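Coordinate analysis (summary)
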Amino acid sequence: MTSGAPLSGLKVIELARILAGPWIGQTLADLGAEVIKIEAPEGDDTRRWGPPFVERPDGKGGTEITAAYFHAANRGKTSVTCDFSDPESISKLKTLIADADVLIENFKVGGLRKFGLDYETLQAEYPQLVYASVTGFGQDGPRAKQPGYDFLIQGMCGVMDLTGDPKGEPQKVGVAWIDIFTGLYGVIGIQAALAERQKSGIGQHVDLSLLDCGVGVLANQATNFLLGGSSPTRLGNAHPNIVPYQVFPASDGHLIIACGNDRQFAALCNALGLYGLDSDPNYATNSARVAHRDELCDQISSLTSKNKKLDLIATLEAAGVPVGPINTVAEALSEPQIEARELRISPEGIEGLRTPLKFSRSPMALDHAAPLLGQGQFGFSTSPHIQKKNS
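A few points on the structure. None of the values given here were measured: they were computed from a predicted structure. (Residues numbered from 1 in each chain as written. Predicted model: local features only at pLDDT ≥ 70, side-chain atom pairs only at ≥ 80, totals over all residues. Heavy atoms only, no water.)

1. Considering the overall build of the chain
Across its full length, the chain carries 14 helices and 14 strands. Its C-alpha atoms put the chain at 80 × 50 × 40 Å along the principal axes. By residue count, 45% of the 391 residues in the chain fall in the buried class. Long-range contacts, defined here as pairs at least 24 residues apart, represent 67% of the contacts in the chain between residues at least 6 apart. Summed over its atoms, the accessible surface of the chain is roughly 19,500 Å², and 54% of this surface lies on carbon and sulfur atoms. Here the chain contributes 34 positively and 44 negatively charged side chains, and the mean placements of these two sets differ by 1 Å. (Helix = DSSP H or I, 4+ residues; strand = E, 2+ residues; numbered from the N terminus. Buried < 20%, exposed > 50% of the residue type's maximum accessible area, 1.4 Å probe, protein only. Contact = heavy atoms within 4.5 Å. Areas by Shrake-Rupley, 256 points an atom, 1.4 Å probe, with all protein chains shown as cover. Lys, Arg positive; Asp, Glu negative; His and termini not counted. Charge placed at Lys NZ, Arg CZ, Asp CG, Glu CD.)

2. Notes on the sheet that holds strand 2 (residues 34–39)
Pairing in this open sheet of six strands is parallel, and the strands run 5-2-1-6-7-8 from one edge to the other. At either margin of the open sheet sits one strand with a lone partner, and together these are strand 5 (77–81) and strand 8 (205–209). Strand after strand, the sheet turns through a mean of 20° between neighbouring axes, direction not considered. Across five bridges, the pairing between strand 7 (residues 130–135) and strand 8 is parallel. If you follow Val-134 over to strand 8, its bridge partner there is Leu-208. Packing of helix 3 (residues 87–98) onto the sheet brings it into contact with strand 1 (11–15), strand 2 and strand 6 (102–105), and relative to strand 1 it is tilted by some 145°. (Pairing = 2+ DSSP bridges. Axes fitted to C-alpha atoms, helices over the stretch in contact; angles between N-to-C directions.)

3. Here's the deal with the layout of surface pockets
The volume enclosed by the second largest pocket comes to roughly 420 Å³. Contributing to the lining of the second largest pocket are 18 residues, with Leu-162, Gln-221, Gly-236, Ala-238 and Pro-240 lying nearest its centre. For the lining of the second largest pocket, the leading source of residues is helix 8 (residues 219–228), giving three residues. Of the residues belonging to the lining of the second largest pocket, the class tally is ten nonpolar, eight polar and no charged. (1 Å grid on protein atoms, 1.4 Å probe; cavity = no way out; pocket = protein on both sides within 12 Å on 5 of 7 lines; lining within 4 Å. Points joined across faces, edges and corners; volume = space filled by probe spheres on them. Nonpolar A, V, L, I, M, F, W, Y, C, P; charged D, E, K, R; others polar.)

4. Focus: the sheet that holds strand 9 (residues 245–250)
Taken together, the three strands give an open sheet; going across it, the order is 9-10-11, and neighbouring strands pair in antiparallel fashion. Of all strands in the sheet, those bounded by a partner on one side alone are strand 9 and strand 11 (323–325). Averaged over all pairs of adjacent strands, the angle between their axes in this sheet comes to 30°, without regard to strand direction. Set on the sheet, helix 11 (residues 293–304) makes contact with strand 9 and strand 10 (253–258); between it and strand 9 the angle comes to about 35°. The sheet strands contacting helix 12 (residues 309–318) are strand 9, strand 10 and strand 11, and the helix crosses strand 10 at an angle near 15°.

5. What about the environment of Asn-327?
Among the secondary structure elements, Asn-327 is positioned in the loop between strand 11 and helix 13 (329–333). Sequence spacing of Asn-327 and Leu-255 is 72 residues, and the spatial spacing of their C-alpha atoms is 9.4 Å.

6. Some details on the packing of helix 9 (residues 262–272) against helix 11
Running from amino to carboxyl end, helix 9 crosses helix 11 at an angle of 40°, the nearest separation of the two axes being 11 Å. Classified by the angle their axes make, helix 9 and helix 11 are oblique. Remark: the crossing between helix 9 and helix 11 carries left-handed chirality. Two secondary-structure elements touch here, helix 9 through Phe-265, Leu-268 and Leu-272 and helix 11 through Leu-296, Ile-300, Leu-303 and Thr-304. Across the contact of helix 9 with helix 11, the residue classes break down as six nonpolar, one polar and no charged. (Parallel < 35°, antiparallel > 145°, perpendicular 65-115°, else oblique. Left-handed = near helix turned anticlockwise from the far one by under 90°.)

7. Things to note about the environment of Leu-15
In this fold, Leu-15 is placed in strand 1. A relative accessible area of 2% means that Leu-15 is categorised as buried. Once the C-alpha coordinates of Leu-15 and Val-321 are considered, the two residues, 306 residues apart in sequence, prove to be 47 Å apart. Once you skip the residues sitting within four places of it in the chain, Leu-15 turns out to touch Ile-38, Phe-84, Leu-93, Leu-103, Ile-104, Glu-105, Asn-106, Phe-107 and Leu-112.

8. A look at the nonpolar core
Formed by 37 residues in total, the largest nonpolar core has its most connected members in Val-12, Ile-24, Leu-28, Val-102, Ile-104 and Ile-190. Those elements that provide at least two residues to this core are helix 1 (20–30), strand 6, strand 7, helix 5 (150–157), helix 6 (177–200), strand 8 and helix 7 (210–216). Sequence-distant contacts of Ile-24, that is, excluding residues within four places in its chain, are made with Ile-104, Val-134, Gly-183, Gly-186, Val-187, Ile-190 and Leu-208. With 22 residues, the next largest nonpolar core counts Val-243, Cys-259, Leu-312 and Val-321 among its residues. (Core = buried A, V, L, I, M, F, W, Y, C linked by side-chain atoms within 4.5 Å.)

9. Section: a nonpolar patch on the surface
A cluster of nonpolar side chains, namely Phe-225, Leu-226 and Leu-227, defines an oily patch on the protein surface of about 380 Å² accessible area. You can see Leu-227 is positioned in helix 8. Judged by relative accessible area, Leu-227 falls into the exposed class, the value being 77%. (Patch = residues over 30% accessible without salt bridge, like charges linked within 9 Å, V, L, I, M, F, W, Y side chains within 5 Å. Salt bridge = Lys/Arg side-chain N within 4 Å of Asp/Glu carboxyl O.)

10. Focus on the side chain of Gln-154
You can see Gln-154 is positioned in helix 5. Judged by its relative accessible area of 0%, Gln-154 is buried. Every residue in contact with Gln-154, bar those within four places of it in the chain, is listed here: Val-159, Met-160, Lys-172, Val-173, Val-175, Ala-176, Trp-177 and Ile-178.

11. Thoughts on the packing of helix 1 against helix 6
At a minimum axis distance of 8 Å, the contact between helix 1 and helix 6 shows a crossing angle of 50°. Taken together, the axes of helix 1 and helix 6 are oblique relative to one another. Note on packing geometry: the crossing formed by helix 1 with helix 6 is right-handed. Note on element contacts: helix 6 touches helix 1 through Asp-179, Ile-180, Thr-182, Gly-183, Leu-184, Gly-186, Val-187 and Ile-190, opposite Ala-20, Trp-23, Ile-24, Thr-27 and Leu-28. Of the residues in the contact of helix 1 with helix 6, the class split is eight nonpolar, four polar and one charged.

Structure follows, in structure tokens:
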């Protein structure tokens, strides 16, 4: 917790594991909240989801080896272990909850009731508590009791039928996209409930469903169907509503050209030597370009494929055309703009990425790495001497 950070003074109990719930907790911790992560004695499953692994002194004369995956979602927290089969452990946990502002959990629907840790029980005891539940399908509905995982939800929510080569199989997004969105919606919901608590004096239940969030961010693709009547499907790297807005070939790779309006399209035509094409009735407006997508993009591709990628990017940037490379993860993390924005951080020697928010006055709380297992039960600090292991 960092004094002066936006959420300094907020106390959060995290009864969550894997990604969506911990992402909520990490974001709140970056914003200055005190986040106490409650783990089973063996720890969050993602502590073992490697390689790669991070090796560090455990403060008790030994070494803790934890997967990088865990570090991606648990920065800035304190870890306290709880044996849910032990009534005394549950009692101690309730002591922590008594003066908490927020509780985050991602157990199955009804799974915490037998421990007296469900929303109804805790709301009666601690009416100020904001209680956020993350499940696959929400607290009600025909699928409420079914387990849900990011990959399954990506299939169910429709995004995989929008992703990939139209001639190939559907593709998932390359990160746990639904979990991350659910985590961010969780932060929004919690902050809204806290703002409402300022008026009412009482907390409430924030019910988060992976499927709700996955469908909820279909954005224009959903409204294309709802208002247009046709279900959109895969277009590869093309855009359903904008042309040209896709990947184009260069002589030594590929680049992205993204013309969002007629002015940018005219600039593209002039930069590529396609003079007068922007005034052709088949291409003069975006709707016309969408109707003649294939022939237009073939003309653009025939020119871009004869030039080197970096030369094209430089030429189009100078002309005011939105253009960019297709970076590897390594290249993205080395992008000068990312370096200038200081997105990469290294708390206690463990590299990671901060929550991508910047405030004009308030500092972020970015000094502490993800916790050692059970660190909150002991009085030691982590060592800055960290070793990375790939196996």
